Amino acid sequence: MILGNPSQATAASALRGPDTLDDLFRRAALRRPGAIALADPPDRETFTDGAPRRLTYAEADRMISAIAERLLQLGLRTDAIVGIQLPNTVESVLTLLGVLRAGMIAAPLPLLWRQSEITNALRRLGAKALITCGHVGSADHAGVAMEAAAELFSIRYVCAFGGNLPDGVVPLDGLYMAKPESLPRIERDNPAAHLAVITWDVSRDGFVPIARNHIEIIAGGLAIFLEGGFERDAILLSGLAPSSFAGLALTLLPWLLSGGTLALHQPFDPDVFAAQLREHRCNAAVLPGPVVSRLADARYLAASSGLKTVMALWRSPECLNTAGWHSNDIGLVDVLAFGETGVLATRRSADGKPAPLSLGAITAPRGASGGVLVGELHRTEMGTVAIGGPMVPRHPFFPEASETADGVGDTGYTCRADPDTKALTVTGPPAGMVGVGGYLFALSKLDEIAARVAGADHIIALPDPLCGHRLCGSAINAAAVQAELAGHGINPLIVAAFGTR
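Points about the pairing of strand β1 (residues 36–39)
Okay, step 1: Here β1 runs beside strand β2 (residues 54–56); their pairing, made up of 3 bridges, is antiparallel. If you follow Ala39 over to β2, its bridge partner there is Arg54.
Okay, step 2: Both β1 and strand β11 (residues 261–264) contribute to a ladder of 2 bridges, which runs parallel. Among the inter-strand pairings, Ala39 is bridged to a residue of β11, identified as Ala263.

As structure tokens, this is what we get:
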């Protein structure tokens, strides 16, 4: 598999190889057991329990096995679906890999989801366990998890990191001191083709579970890895949690493929982020696209030593910033996320302008001689963006309306294409949807929520040049509406829409 600067032939073989995500980690741990694998945000104690941790590959390997062993001791069986809702700390990575090592299926949940969304999502999957933490900021995540589990017949266990946990929650902090036994590998005919992770997209009808096997996840990460030019043993600082396909492709996979160090940042504090860049001497950084220009203008990025690449994630690809990138020393790679269907990465050219998307084959690195074919870009008859290739999910969870017989996923994002150059421009989100701060909402569902709450007149989505849209609610007694929405376990972004402006 790939460790470092791969040849194009070696990289291409990754798409056909037998490796799982756990195989990639084990290989890195065998090569560099004493090297730092994972590092917590230095301000961890300001938003959740526990002092910041730094784990070597050997220590991380033991913790992954300890998590897997505990899940098996609880009686969970192979292919059980385990929900995960954690902030961007080392536990988020360790837990996902621990679930996979136990032969189970990881279902990471967005951190802003509350009881209503958690319950609806995990009920669809028949999840058997939910792993979370005591709190993130003022949000009582362990309490929310217990309330969700009380409504779900399938959930047998709620596990959590942190202190002061509610009765009935299985504590996990003690696993750092455990000495797990060597776990046997799960025997499967083709382990890389086995379902590994379920993430969540949003349609006009509600949440849609998107399931991917190891091959599909690695394919998405490989496209990012090659376009980003990651080196062997790269040091990556990421402000993205591995709770979406984009998070996996931009954070987990470059780390595993390079065998380097992954430093985590719980979004978002520019001063803390800049301090982490300097402290870890990071080679690459992953940021939400809308904040990149502000950081560059404030010289936060230029102050770091050794930074070569910034990966900018645009969850609202229609809002891709066309302003120039003015840095001769640091390259910028724009990564466009089309919901959970796929990601497209393009490195900016010498003039600092975004590289145009072109219909047809997608290779990485873009424009390189002999680049690896990682996908295909199409414009449908309905004028929407469609992505094909090995990263596109094909498991039965994938919505039938978004998949065609030739394995091309219609993202629903509207676009226009130049008939001469074949350059494609994304113009808007899927019909009936709005993007707000990295989350997609169905307008019809927002109307339903407003209609259920006494005193709430309506919720509207106002255009935002950076984030796509922002939500604004109208109510006679905004505080009462906010309290009722929060009591129903509604997403905090919707609750905040009724705040004072």
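Brief notes about the nonpolar core
Okay, step 1: Among the nonpolar cores identified, the biggest contains 120 residues, and Leu94 and Trp255 are the most heavily contacted of them.
Okay, step 2: Broken down by element, the residue count for this core peaks at 10 residues, all from helix α8 (residues 245–258).
Okay, step 3: Non-local contacts of Trp255, meaning those with residues more than four positions away in its chain, are made with Phe25, Ala37, Leu38, Tyr57, Val93, Leu97, Gly260, Thr261 and Leu262.

Quick notes on the side chain of Thr384
Okay, step 1: With respect to the helices, strands and loops of the structure, Thr384 is situated in strand β19 (residues 384–388).
Okay, step 2: Within polar-contact distance, the side chain of Thr384 engages the side chain of Asp410 at 2.9 Å.
Okay, step 3: With residues up to four places along the chain from it excluded, the contact list for Thr384 reads His378, Arg379, Asp410, Gly412, Tyr413, Thr414 and Cys415.

Focus on the packing of helix α7 (residues 214–228) against α8
Okay, step 1: It is the contact of α7 with α8, at a shortest axis distance of 8 Å, that shows an interaxial angle of 75°. When the axis of α7 is compared with that of α8, the two are roughly perpendicular. Between α7, through Glu216, Ile217, Ile218, Gly220, Gly221, Leu222, Ile224 and Phe225, and α8, the contact on the second element is made entirely by Phe245, Leu248, Ala249, Leu250, Leu253, Pro254, Leu257 and Ser258.
Okay, step 2: Classifying every residue of the contact of α7 with α8 gives 12 nonpolar, 3 polar and 1 charged.

Section: the packing of aromatic side chains
Okay, step 1: The full count for this structure, using the stated rule, is 8 aromatic pairs.
Okay, step 2: Note on Tyr57 and Trp255: the rings are 6.2 Å apart at their centroids and 15° apart in plane angle, and the pair reads as stacked. Of this pair, Tyr57 sits in helix α3 (residues 57–73) while Trp255 is found in helix α8, placing the two residues 198 residues apart along the sequence.
Okay, step 3: Classification of Tyr57 by relative accessible area gives buried; the value is 0%.

Cut-offs used in this document
Residues numbered from 1 in each chain as written. Predicted model: local features only at pLDDT ≥ 70, side-chain atom pairs only at ≥ 80, totals over all residues. Heavy atoms only, no water. Pairing = 2+ DSSP bridges. Helix = DSSP H or I, 4+ residues; strand = E, 2+ residues; numbered from the N terminus. Core = buried A, V, L, I, M, F, W, Y, C linked by side-chain atoms within 4.5 Å. Buried < 20%, exposed > 50% of the residue type's maximum accessible area, 1.4 Å probe, protein only. Contact = heavy atoms within 4.5 Å. Polar contact = N/O pair within 3.5 Å; in protein donor to acceptor, adjacent residues only side chain to side chain. Axes fitted to C-alpha atoms, helices over the stretch in contact; angles between N-to-C directions. Parallel < 35°, antiparallel > 145°, perpendicular 65-115°, else oblique. Nonpolar A, V, L, I, M, F, W, Y, C, P; charged D, E, K, R; others polar. Phe/Tyr/Trp six-rings, centres within 6.5 Å; stacked < 30°, edge-to-face > 60°.

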